[in-house]
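One-letter residues, chain by chain:
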Amino acid sequence: MVAETAPSNMAVAVPRPSASLPLRAWAARRVEALAIPLGALALGFGLFSLFLLSLGKSPAAFLDLVYRGGFGSAFALQNSLQRAAPLLFAALCVALPARLGLVVIGGEGAIVLGGLAAAAVAAPLSGAPSGLGIAAMALAALLTGALWLGAVGALRAWRGVNETIASLLMSYIAIALANHLIEGLLRDPGSLNKPSTRTIDEAFRVGPMPGLEVHWGLGVGVVACLLAWLLTERTTLGFAARIAGGNVRAAQIQGLAVGRLIAGFTALGGALAALAGFFEVAAVHGNANASLIAGYGYTGILIAFLARQNPLAIPPVAFLLGGIEASSGLIQRRLHLPDATILLLEGLLFLLVLMGETLYGRFKLFSPHLWGEKRAAAAQTVP
Amino acid sequence: MSDLGLWNVLIAVIGGAIRVSTPFLFVSLGETITERSGRINLGLEGTLVFGAMSAYATAVLTGSAWAGVAVAGAAGGLFGLAHGWICRLPRVNDVALGIALMLFGSGLAFFFGKAFIQPSAPQLPALPFGDWSDVPQIRAALQVNVLFLIGAVLSVLLWWAFRNTRTGLVVRIVGDSAEAARAMGYDVDRVRLLATGAGGVLAGIGGAYLSLYYPGSWNEGISSGQGLMAVALVVFARWNPLACFGAALLFGGAGALGPALQSVGVSQGYYLFYAAPYVLTLGVLIATSSPNHALAGAPGELGQAK
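Residues numbered from 1 in each chain as written. Chains lettered and ligands numbered in written order. Predicted model: local features only at pLDDT ≥ 70, side-chain atom pairs only at ≥ 80, totals over all residues.

**Here's the deal with the overall build of chain B**
What counts here: To qualify as a helix, a DSSP run of H or I must reach at least 4 residues; to qualify as a strand, a run of E must reach at least 2; elements of each kind are numbered from the N terminus. The globule rule used for comparison is 2.2 Å times the number of residues to the exponent 0.38, while the radius of gyration itself is calculated over C-alpha atoms. Whether a residue is buried, exposed or partly exposed follows from its count of other C-beta atoms within 10 Å of its own C-beta, namely 20 or more, 12 or fewer, or something in between, respectively; the C-beta atoms are built from the backbone. Throughout, a residue-residue contact means that the two C-beta atoms, derived from backbone geometry, are no farther apart than 7 Å.
The helix and strand inventory of chain B stands at 13 helices and two strands. Taking 306 residues into account, the globule formula puts the C-alpha radius of gyration at 19 Å, and chain B, at 19 Å, falls close to it. C-alpha extents for chain B along the principal axes are approximately 65 × 45 × 35 Å. Within chain B, the fraction of its 306 residues that count as buried is 55%. Of all intrachain contacts in chain B linking residues separated by at least 6 positions in sequence, the fraction that spans at least 24 positions is 78%.

**Examining helix 9 (residues 236-246) of chain A**
All names here are of chain A. So the rule is basically this: Within this analysis, the arc is defined by the directions that extend from the helix axis to the C-beta atoms.
Taken residue by residue, helix 9 has Ala240, Ala241, Ala244 and Gly245 as its buried positions. Viewed along the axis of helix 9, the buried residues span an arc of 140 degrees, placing them on a single side of the element. Residues of helix 9 that are exposed and angled more than 90 degrees away from the buried face: Thr236 and Gly246. Looking at the packing, one finds that the buried side of helix 9 touches helix 8 (217-234), helix 10 (248-253) and helix 11 (258-285).

**Side note on the environment of A:Thr235**
All names here are of chain A. If you trace the backbone, Thr235 turns up in the loop between helix 8 and helix 9. For Thr235, a count of 11 C-beta atoms within 10 Å gives the class exposed. With 41 residues separating them along the chain, Thr235 and Lys194 place their C-alpha atoms 46 Å apart.

**Digging into the nonpolar core**
Quick note on the threshold: For the purposes of this analysis, a nonpolar core is taken to be any set of buried Ala, Val, Leu, Ile, Met, Phe, Trp, Tyr and Cys residues that are connected through C-beta atoms within 7 Å.
In terms of nonpolar packing, the biggest core is built from 230 residues, with A:Ala91, A:Leu92 and B:Leu233 touching the most fellow members. By residue number, the principal contributor to this core is helix 11 of chain A, which donates 17 residues. With sequence-adjacent residues up to four places away left out, A:Ala91 is seen in contact with A:Gly300, A:Ile303, A:Ala304, A:Ala307, A:Ile314 and A:Ala318.

**Details of the interface of chain A and chain B**
Here is the rule: All residues other than Ala, Val, Leu, Ile, Met, Phe, Trp, Tyr, Cys, Pro, Asp, Glu, Lys and Arg, Gly among them, are scored as polar; the first ten of these are nonpolar and the last four charged.
Listed per partner, the contact involves 36 residues of chain A and 38 residues of chain B. Of all the elements in the fold, those that place two or more residues in the side of chain A that touches chain B are helix 6 (130-159), helix 7 (163-183), helix 12 (296-306) and helix 15 (341-356) of chain A. Its residues assigned to classes, the side of chain A that touches chain B comprises 25 nonpolar, eight polar and three charged.

**A closer look at helix 7 of chain A**
Worth spelling out the cut-off: Here the expected length of a helix is defined as 1.5 Å per residue gap, with one fewer gap than residues.
Taking 1.5 Å of rise per residue, the 21 residues of helix 7 of chain A would be expected to cover 30 Å, and the 30 Å separating its terminal C-alpha atoms lies within 8% of that figure. Most of helix 7 of chain A is tucked away, with 18 of its 21 residues classed as buried.

**Thoughts on the confidence of the model for chain A**
Defined as follows: For every residue, the predictor states its confidence as a pLDDT score lying anywhere from 0 to 100.
Taken residue by residue, chain A gives an average pLDDT of 89. The fraction at 70 or more is 92%. Across residues 1-15 of chain A the pLDDT falls below 50, and counting only partners more than four positions away or on other chains, this stretch makes 18 contacts in the model.

**A few points about the confidence of the model for chain B**
Considering every residue of chain B, the mean pLDDT works out to 90; 96% of them sit at 70 or more. For this predicted complex, the interface confidence reaches an ipTM of 0.92, while the overall pTM sits at 0.90.

**Some thoughts on the environment of A:Leu337**
All names here are of chain A. Secondary-structure assignment places Leu337 in the loop between helix 14 (328-335) and helix 15. A C-alpha to C-alpha distance of 43 Å links Leu337 and Ser367, two positions 30 residues apart in sequence. In this view, Leu337 contacts Lys57, Ile331 and Gln332; residues no more than four positions away in its chain are not counted.

**Side note on unusual backbone geometry**
Along the chain, B:Tyr214 connects to B:Pro215 via a cis peptide bond; the corresponding omega equals 0 degrees. In this fold, B:Pro215 is placed in the loop between helix 9 (188-212) and helix 10 (226-236). Unusually for a residue other than glycine, A:Gln309 sits at a positive phi of about 60 degrees. When you line up the elements, A:Gln309 lands in the loop between helix 12 and helix 13 (314-326). Non-glycine residue B:Arg91 carries a positive phi angle of around 70 degrees. Turning to its location among the elements, B:Arg91 is positioned in the loop between helix 3 (65-88) and helix 4 (94-113).

Right, dumping it as structure tokens:
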């Protein structure tokens, strides 16, 4: 595990210039945060390749199809980006509460209800100006999501209810509620085979970003990640959240409103997840139907953990996972593997990434506080 | 709704409670063992799904439903041991690991289960306790599966064992204070590893019940959160195996409400009745949680996991 190879007596002869140490220490920590998840990813693909070999399938063909299906052509890239858009919001829904040490896994429900709320508001506004309609839809989604998961945060803060279980239960309830409304009150009588809400006005549709065939959800999602990073790393609010996540008692003694922080961060996460639902309705489907329940919330959990809850790392990871998921159809058709193949791969990656957590601080190469030790010890023993 | 309809609903709910509660019972008993040792395993949802698939596949291939139960229990035990083993690594969060195992177990089950959606497997036997009655609804309601009876006996046995056996006491000591257990010379990680493994075995058997008796087939939506509800139910039951039995019946009854109403022709709000167990679980969680102090009966080490 120790990556240092230089013999210890060399160090006495060649002292390290101390001026470059802070920079190297900074770089070492950054590289560690990159190397361990990448190592886990590589190991995951390696183990999965062995698994495919044991089934008599070619791992090379599998990797080739993942590449071609997700990243290999302009069309594949656009498709992956399109899939990454909702994943950005879903991952933020996990990463923001994680700042407070909370594990919220109910993003799926907020996505579904957000999309439904957007579609529900669009119907009575039919004929209104485009900007007004879009703003109202987005606002309806944001509010719904904030209330839905903010409630989970409030229950955690003021009743001590386990937020992980509560958020997933809320997710199941949200899906049941959405099914009930889509097949009942909000159903478009014209949707015979696939129950849907009324299709929103053409004017309310959100179009592609300039120069791309990918809708604006991607751009807004990336901006949301940047803003979330600013919030958590560069504001007093984010700092307070991190203190509360580290030690609730200490935060309370400092007079921080921990309850409001918890409710606020979960509500923000819920609002962002619901925004993904809004874009799915306004930019992709045109109405709310069962396609909203696509599992984005669950992939978002994996992305947030792969990104180590860092909002800046979410876009690249979401793009990667979006691409892997986009290749699913191709893999099913060409390799005759079941559609759960990608789910299995994701579960394996998730396990390995979590196991990787144990490696932080174990490599001397990445741990500046260990660098001087051997030398100091060597210097003492040399007369 | 007529008088007769109401009675029918009541009988159907009671019968449904007995039918639906078994997986809740097994998973919650398993989670009780695990949590009593001081760890929380949210991955039992995945274990339940994989147990259902492996039991069904085994029953199809061997023609024996009990072989399916055995394989599901063994597979569940492996999942539990995996959770217990990975949790020993420093800085690995047991809640996050549970979520990962939930996805992994479901992924593995869906991957290998594709081939078994079509074929039909032999079912677990049920005992007719309703033969004294001429009313067909009552006779149907009192068809009690053997696994339900085993679960009932098991909950009494576990309740007794936690109080009166050496093993039960060791698990409780480890769960209440790891330091005290270490001072007494017990290997905390080992006890937790075995307790999580035992929890997995029971969850796997719960899964076997799903696919081999009720609903009695294998499909990807077979569990839809029952494993997770059972974990929540443990808090409600205050980590007491006897209370788990009562709570499982209550949850089973809630789960049976939707189908029972549908059977007498109430089709309005099908999805909402379908959500009843989730709403009940949430209500129970809210009612039984406490903001300030640890719950009565809660293992002392568990607070750090939440």
